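So the chains spell out like this:
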Protein chains: 2
Amino acid sequence: MDLASYLHDKKIIVENMLRDICTSFTSTPGVLRNAMEYMLFSNGKKIRPILAIAACEAKGKSADDFLACFCTLEMIHTYSLIHDDLPCVDNDDTRRGRPTCHKAFGEAVAIMAGDGLLTEAFRVLSDPRFSERVAPKIARQFVFEIAHAAGAEGMVGGQVMDILYENKEGTKNILHYIHSHKTAAMLRASVRVGAIAGGAKARELKNFSRYGDAIGLAFQIMDDILDVEGDEETVGKKLKKDDNKQTYVKHYGILASKYKLEQLVDEAVKSVAFLGENGRVLEDIARFVGNRIS
Amino acid sequence: MDLASYLHDKKIIVENMLRDICTSFTSTPGVLRNAMEYMLFSNGKKIRPILAIAACEAKGKSADDFLACFCTLEMIHTYSLIHDDLPCVDNDDTRRGRPTCHKAFGEAVAIMAGDGLLTEAFRVLSDPRFSERVAPKIARQFVFEIAHAAGAEGMVGGQVMDILYENKEGTKNILHYIHSHKTAAMLRASVRVGAIAGGAKARELKNFSRYGDAIGLAFQIMDDILDVEGDEETVGKKLKKDDNKQTYVKHYGILASKYKLEQLVDEAVKSVAFLGENGRVLEDIARFVGNRIS
C-alpha cells in the first residue's frame with residue numbers, strides 16, 4: 001500500500017475513535033463540547049496517533065487495543081493549538097482554513113476547551129472503557145510519556161520560550177530548545193508510545209526515540225520553510241508571519257535549512273532500518289515529513 | 001490533636017512535597033517555573049491534599065507513599081485558579097492577598113503556567129520517582145478519578161457554565177450544576193483518592209463520596225456567603241463581586257444558604273460515622289468548612 005492510502009485509512013480510523021471518545025462527554029455543557037470537537041475534527045493530518053499506530057505495527061502488533069490511547073496524542077496536540085492561537089499568545093485568526101477556536105467561540109470558552117481536551121486525554125488513558133485491554137503498567141507508562149512530553153519540561157516549556165524570544169535576536173541554542181520541546185517532544189512521545197504498545201525493548205526504544213527526534217525536528221524545520229515558501233491556501237493558515245520568531249530559516253538561511261531537513265529525514269530512515277520490511281511505513285512517513293506541502 | 005494543629009502540620013508536609021516536585025522541573029524555563037511556583041506557594045489552605053491524607057489515614061493507612069500523588073490535587077486546583085483569574089474569564093487582579101498570576105507574569109505565561117501545572121500533575125501521578133510504591137493499578141485509578149473530576153465532565157464543565165450564566169437569570173438547577181462541578185467534583189475526588197489509597201471497599205467508597213459531595217457543596221456555599229459577608233483582607237481577594245454570578249445567596253437568600261450549609265455539614269459528618277474514632281479528623285474538617293472565615 002502506498003503512504004497516501006495508509007495515511008488516509010488510518011486518519012479515518014483515528015477520527016472514528018475520536019468520535020467514540022466524544023460520545024462519552026455526556027454531561028459536558030454543549031458549547032464546551034462543540035468547541036472541543038470544532039478543533040478536533042478540523043481536518044488536521046492526525047499524524048501523532050498515526051505515528052503511534054505505525055510504530056506499534058512496525059513491531060508486528062495490532063494497534064486495535066491501543067487506539068483510544070493513541071488518540072489522546074491528537075487531543076493534546078489540539079489543545080496546544082487552541083491555546084497557541086489565543087490573542088495573548090500567537091494571536092492567530094485562522095487555522096486549517098477556518099476561524100480559530102477563540103474566533104468561533106470566544107476566548108474564555110477556547111481556554112476551557114483546551115483545558116478540557118488536555119484533561120480528558122488523561123481520563124481516556126486511564127478509563128477502563130477505553131483501555132480495557134491495556135495493562136495498568138503500560139497505561140501508567142503512556143501517561144508518563146505523554147505528560148512528560150507535553151508539560152513544562154516539554155511542549156509547554158518550548159511554547160514559553162517561543163513567546164519569550166519573540167522579536168529578540170536569540171541564538172541557535174535557544175532555537176534548538178524551542179523546536180525540540182515545542183514540536184519534537186510530542187512527536188517523539190507518539191513514536192515511543194506506539195513502540196511501547198508494540199512491546200519494544202529498551203535498546204529498540206532508543207532507536208524509535210532517535211527516529212521521533214529526527215522527524216520532530218524535521219517537521220518543525222519544514223514548518224519554518226513553509227512559512228516562507230508555502231502556499232497560504234494549501235497550508236491553511238496565515239504565512240510569512242514568523243519574522244519575529246526564532247526559526248531555522250532565520251538562523252541558518254533557507255538553503256541550509258533544506259539541507260538540515262534532508263539530513264534529519266536520512267537519520268530518521270536509518271534509525272528504523274533495524275525493523276527491516278516492518279519499518280517501511282515509518283520510513284515513508286519520514287520522507288513525507290521532508291516533502292509535505294501543508 | 002486539635003484540627004488547627006492538624007491542618008498546620010499537614011500543610012507543611014504538603015508544601016515540602018510540592019517543593020520536592022518542583023525540584024524535578026530541571027529543564028523548565030525559569031519564568032515558567034517561577035509562575036507555577038508563585039501560585040503553588042501562595043498561602044492557600046492545601047485542603048485538597050489534606051482531605052486525601054485524612055481519608056487515607058481514616059482507613060488506618062499511612063499517607064506517606066501517596067503524598068506526591070495527593071499533592072497533584074493541589075497542582076490541579078492551582079492551575080484552575082490561574083485560568084479562572086484571567087482577564088477573559090473572571091478578570092481578577094488579586095488572589096490570596098497578592099497580584100494574580102497574569103498580573104505578575106503576563107497573560108501568555110499565566111496560561112502556560114496553568115497548562116504546565118495541569119500536565120505535570122499527571123506526570124507526577126505516573127512518575128516512578130514519585131509513586132514508586134504505588135501499584136500501577138492504583139496509579140491508573142488515581143489518574144482516572146482526578147482527570148474525570150477536573151475535566152469537561154467535571155470542573156472545566158462547571159467553569160464554562162459559570163461563565164455562560166454570568167449576568168443571566170439562571171435557575172436552581174443551573175446553580176447546582178455549576179457548584180457541584182466547579183468546586184465539589186475536585187473535593188469529592190480528593191476524598192475518594194485518599195480512600196482508595198487507604199484501601200476502601202466499594203461500599204465504603206460510596207460513603208466517602210457522599211462526604212466529599214457534601215463538603216464540596218458546603219465549601220462553595222460558604223464561598224458565596226463570604227462574598228457577601230466576609231472581610232476582604234481575611235479572605236484575600238476582592239469580595240462583593242459575584243452579583244452577576246449564579247450563587248446560593250442569590251437563589252436562596254442568606255438565611256436559607258446558611259441553613260443549607262449546616263445541613264450539608266451534618267450530612268458529611270454522618271457519612272463518615274461508620275469510621276468511628278478514625279473518622280474524627282474528617283468530621284472536624286466538615287465542621288471547619290462550615291465555619292471558615294477565609
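I will try to describe carefully the structure that is included in this document. Every value quoted in this text rests on a predicted model; they were computed, and no experiment measured them.

Re the overall build of chain A
Argument step 1. What chain A contains, in helices and strands, is 14 helices and 2 strands.
Argument step 2. On C-alpha atoms alone, chain A measures out to a radius of gyration of 18 Å, which is about the 19 Å that the 2.2 N^0.38 rule sets for 294 residues.
Argument step 3. By its C-alpha atoms, chain A is 50 × 50 × 35 Å across when sized along the principal axes.
Argument step 4. Classification of the 294 residues of chain A by burial places 55% in the buried group.
Argument step 5. Look at the contacts in chain A between residues 6 or more apart in sequence, and 72% of them connect residues 24 or more apart.

Focus on the environment of A:G151
Argument step 1. Relative to the assigned elements, A:G151 resides in the loop between α8 (136–150) and α9 (155–164).
Argument step 2. Since 24 C-beta atoms lie within 10 Å of it, A:G151 is described here as buried.
Argument step 3. Expressed as a C-alpha distance, the spacing of A:G151 and A:H181, which sit 30 residues apart in the sequence, is 9.5 Å.
Argument step 4. Apart from the residues within four sequence positions on either side, A:G151 is in contact with A:V156, B:G116, B:T119, B:E120 and B:R123.

Structural notes on the nonpolar core
If you look at soluble globular proteins, the nonpolar side chains tend to sit buried side by side.
Argument step 1. Among the nonpolar cores identified, the biggest contains 203 residues, and A:A113, A:V143, A:A218, B:A113, B:V143 and B:A218 are the most heavily contacted of them.
Argument step 2. Once residues lying within four places of it in the same chain are set aside, the contact partners of B:A218 are B:L261, B:L264, B:V265, B:A268, B:V289 and B:G290.

Some thoughts on the packing of helix α2 (residues 30–40) of chain A against helix α6 (residues 107–126) of chain A
All names here are of chain A.
Argument step 1. Remark: α2 packs on α6, axes separated minimally by 9 Å, with the N-to-C direction vectors making an angle of 75°. The angle between the axes of α2 and α6 places the two elements in the roughly perpendicular class. In this structure, α2 uses V31, L32, A35 and M36 to contact α6, whose residues at the interface are V109, A110, M112, A113, G116 and L117.
Argument step 2. Residues belonging to the contact of α2 with α6 are distributed by class as follows: 9 nonpolar, 1 polar and no charged.

Definitions and limits used
Residues numbered from 1 in each chain as written. Chains lettered and ligands numbered in written order. Predicted model: local features only at pLDDT ≥ 70, side-chain atom pairs only at ≥ 80, totals over all residues. Helix = DSSP H or I, 4+ residues; strand = E, 2+ residues; numbered from the N terminus. Rg over C-alpha atoms; globule rule 2.2 N^0.38 Å. Buried ≥ 20, exposed ≤ 12 C-beta atoms within 10 Å, placed from the backbone. Contact = placed C-beta atoms within 7 Å. Core = buried A, V, L, I, M, F, W, Y, C linked by C-beta atoms within 7 Å. Axes fitted to C-alpha atoms, helices over the stretch in contact; angles between N-to-C directions. Parallel < 35°, antiparallel > 145°, perpendicular 65-115°, else oblique. Nonpolar A, V, L, I, M, F, W, Y, C, P; charged D, E, K, R; others polar.

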